[in-house]
Amino acid sequence: MFIVDLEKKIIHDMSFVRYECSIRKIPMDKRKKIFSLQSVKRMISTDHTPQYNGCKHCMSEYHTFDFTKLYR
């Protein structure tokens, strides 16, 4: 199962949760449960609007860092 933070647009993997994920701090009304990896991959793809990102702690293989943020 995966938890989507609708406010920060980050997806967390509940089978590999880390302390740094701070899932408890996500408000209940800003959470969404996803049960399939295919749905997660679809939400992370560049064609999806709004585009979500994998958590850098529990879903590092799906985390993408935007290097253009360094120069803003």
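Residues numbered from 1 in each chain as written. Predicted model: local features only at pLDDT ≥ 70, side-chain atom pairs only at ≥ 80, totals over all residues. Heavy atoms only, no water.

Caption draft 1: Geometry of the overall build of the chain. A tally of helices and strands in the chain yields one helix and four strands. Seen in sequence order, the chain has helices and strands lined up from the N terminus as β-β-β-α-β. Since a compact globule built from 72 residues should have a radius of gyration of about 11 Å, the 12 Å found for the chain is in line with a globular shape. Of the roughly 5600 Å² of accessible surface on the chain, 53% is carried by carbon and sulfur atoms. (Helix = DSSP H or I, 4+ residues; strand = E, 2+ residues; numbered from the N terminus. Rg over C-alpha atoms; globule rule 2.2 N^0.38 Å. Areas by Shrake-Rupley, 256 points an atom, 1.4 Å probe, with all protein chains shown as cover.)

Caption draft 2: The arrangement of the sheet that holds strand β2 (residues 10–13) in detail. Read from one edge to the other, the open sheet built from four strands follows the order β3-β1-β2-β4, with strand pairing classed as mixed. Each end of this open sheet is capped by a strand with a single partner; those strands are β3 (31–34) and β4 (53–54). As paired elements, strand β1 (residues 2–5) and β3 share four bridges and run antiparallel to each other. Residue D5 lies in a different strand from β3, and its bridge partner there is R31. (Pairing = 2+ DSSP bridges.)

Caption draft 3: Geometry of unusual backbone geometry. Positive phi is not limited to glycine here, since K9 has a value of about 60°. With respect to the element layout, K9 can be found in the loop between β1 and β2. We classify K9 as partly exposed; its relative accessible area is 30%. The phi dihedral of S22 is positive, around 55°, even though this residue is not glycine. (Buried < 20%, exposed > 50% of the residue type's maximum accessible area, 1.4 Å probe, protein only.)

Caption draft 4: Inspection of the pairing of β1 at higher detail. With burial as the criterion, each face of β1 is covered, one bearing F2 and V4 and the other bearing I3 and D5. Pairing of β1 with β2, which is carried by four bridges, proceeds in the antiparallel orientation. Pairing of I3 across the sheet is with H12, part of β2. From the end of β1 to the start of β2, which pair antiparallel, there are four residues, and K9 there has a positive phi angle of about 60°.

Caption draft 5: Structural detail: helix α1 (residues 37–44). Those residues of α1 lying buried are V40, M43 and I44. In an axial view of α1, the angular spread of the buried residues amounts to 95°, which keeps them on one side of the axis. Those residues of α1 that are exposed and aimed more than 90 degrees away from the buried face are Q38 and R42. (Arc of directions from axis to C-beta.)

Geometry only, nothing functional implied.
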